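These are the residues of each chain, in order.
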Amino acid sequence: MRNRSHRSRAVLAVAAAAALLGVAACDASGGDSPSGGTGARPSPRPTPVWDRSPDSMAAVGDSITRGFDACSVLSDCPEVSWATGSDPRVDSLAVRLLGTTGAAERSWNYAVTGARMADLPGQMAEAATRRPELVTVMAGANDACRSSASAMTSAADFRAEFQDAMKTLRGALPKTQVYVSSVPDLKRLWSQGRGNPLGKQVWKLGICPSMLGDADSLNSAATLRRGQVQDRVKEYNQVLREVCAKDRRCRFDGNAVFDYRFGTDQLSHWDWFHPSRDGQARLAEIAYRTVTAREPVT
């Protein structure tokens, strides 16, 4: 009897194990699931980190974003700003993203003519009060455009100041997206504008002396100075790229603004330095392309 009972328990144990294995196999193959036995149901697709159609935006930066000298001499003209302007000839980033009415109601311009990167944390703090879904950044030209090459902001300070600006924004708005423009090619400004006698006279009033001073001089000292400014701008752009890359909700333009081959039509004919309306429109195109791209520029 004992042997028979022992054998019965063994048979029951084997049967139970087989049943469990069968259930496991059924689960692994999909069983009676609607997928028809091809595997487990796919996980829902994760929500993209980057929203290609934000519902509000704020701009920070310098005179370029204020539309300086685009409409009249020595004056801001924010209505033609590439970021938040209302001029239909520019078709600003805000208008492209939000529509005309939306841009008027849900976009804000906190850029300041003459601002440098050190001023950006304060602008970010102001912009954060509006709780925008997107913040645009264009700054750095004034850090390179100093009285001399030796007076330019160092790349290390530029990095610390930009990091501080991003930290300020993130402290208030962890999920707000950031579009970062590269610093324009200042040496191209010199090469394009130096052929205009009026432009060179205006430059003598003190516009970007580190690059545009002694515009006709091609001696070794002038060439060296311009090269130093150009190298510093490239360093700034590398800083912008690297700092932005560490933030999941930040997109750098991939040097698109720096690489843009602008001509005199894109320069203000008041100072041959700041963007004209046409130049502002080109900046808006670059920004829109970067913000709405399916994948970030690498």
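Let me sum up the structure you'll find in this document.

The rules behind the values
Residues numbered from 1 in each chain as written. Predicted model: local features only at pLDDT ≥ 70, side-chain atom pairs only at ≥ 80, totals over all residues. Heavy atoms only, no water. Buried < 20%, exposed > 50% of the residue type's maximum accessible area, 1.4 Å probe, protein only. Helix = DSSP H or I, 4+ residues; strand = E, 2+ residues; numbered from the N terminus. Pairing = 2+ DSSP bridges. Expected span 1.5 Å × (residues − 1). Bend = angle between axes of the 7 residues up to and from the residue. Contact = heavy atoms within 4.5 Å. Core = buried A, V, L, I, M, F, W, Y, C linked by side-chain atoms within 4.5 Å. Axes fitted to C-alpha atoms, helices over the stretch in contact; angles between N-to-C directions. Parallel < 35°, antiparallel > 145°, perpendicular 65-115°, else oblique. Nonpolar A, V, L, I, M, F, W, Y, C, P; charged D, E, K, R; others polar.

## Describing the pairing of strand β3 (residues 134-138)
1) Next: For β3, the buried fraction is high: five of the five residues fall into the buried class.
2) Next: In the sheet, strand β1 (residues 57-61) pairs with β3 via five bridges, with the strands oriented parallel. Residue pairing for β3: Ala 58 is matched across the bridge by Val 135.
3) Next: For β3 and strand β4 (residues 177-180), the ladder comprises four bridges, and the chain directions are parallel. Bridge pairing in β4 places Leu 134 opposite Gln 177.

## Here's the deal with helix α3 (residues 93-106)
1) Next: Compared with the 20 Å implied by 1.5 Å per residue over 14 residues, the 12 Å span of α3 between its first and last C-alpha is markedly short.
2) Next: At Gly 99, α3 shows its largest kink, close to 115 degrees.
3) Next: The set of residues buried in α3 consists of Leu 93, Ala 94, Val 95, Leu 97, Leu 98, Gly 102 and Ala 103.
4) Next: Turning to α3, the residues buried within the fold contact β1, β2 (107-109), β3 and α12 (277-292).

## As for the nonpolar core
Most often, soluble globular proteins keep nonpolar side chains buried together rather than apart.
1) Next: Ranked by internal contacts, the top residues of the largest apolar core, which has 50 residues, are Val 137, Phe 162, Val 180 and Leu 186.
2) Next: Tallying contributions element by element places helix α10 (residues 220-245) first for this core, with seven residues.
3) Next: If near-sequence neighbours (up to four positions away) are discounted, Val 137 is found in contact with Val 60, Leu 120, Met 124, Phe 162, Val 178, Tyr 179, Val 180 and Ser 181.
4) Next: The next biggest cluster of nonpolar side chains, apart from the first, holds 21 residues, and it includes Leu 98, Ala 103, Leu 283 and Ala 287.

## A short note on the sheet that holds β4
1) Next: Reading across from one edge, β2-β1-β3-β4-β5 is the order of the five strands in this open sheet, with parallel pairing throughout. Single-partner strands in this sheet number two, and they are β2 and β5 (250-252). Between one strand axis and the next, the sheet turns through 15 degrees on average, direction left out of account.
2) Next: Against the sheet, α3 engages β1, β2 and β3, with an angle of about 90 degrees to β2.
3) Next: Packed onto the sheet, α10 meets β4 and β5 and runs at close to 150 degrees relative to β5.

## Remarks on unusual backbone geometry
1) Next: Phi at Asp 69 is positive, roughly 65 degrees, even though this residue is not glycine.
2) Next: A residue is classified by how much of its surface remains accessible, and Asp 69, at 2% relative accessible area, is buried.
3) Next: Phi at Trp 272 is positive, roughly 55 degrees, even though this residue is not glycine.
4) Next: If you trace the backbone, Trp 272 turns up in the loop between α11 (256-259) and α12.

## Topic: the packing of α3 against α12
In a pair of packed helices, the angle between the axes and the distance between the axes together describe the arrangement.
1) Next: Packing of α3 against α12 leaves a shortest axis separation of 7 Å and a crossing angle of 60 degrees. Considering their axes alone, α3 and α12 lie oblique with respect to each other. The residues of α12 that touch α3, namely those facing Leu 93, Arg 96 and Leu 97, are Ala 281, Ala 284, Glu 285, Ala 287, Tyr 288, Val 291 and Thr 292.
2) Next: Taken together, the residues of the contact of α3 with α12 break down into seven nonpolar, one polar and two charged.

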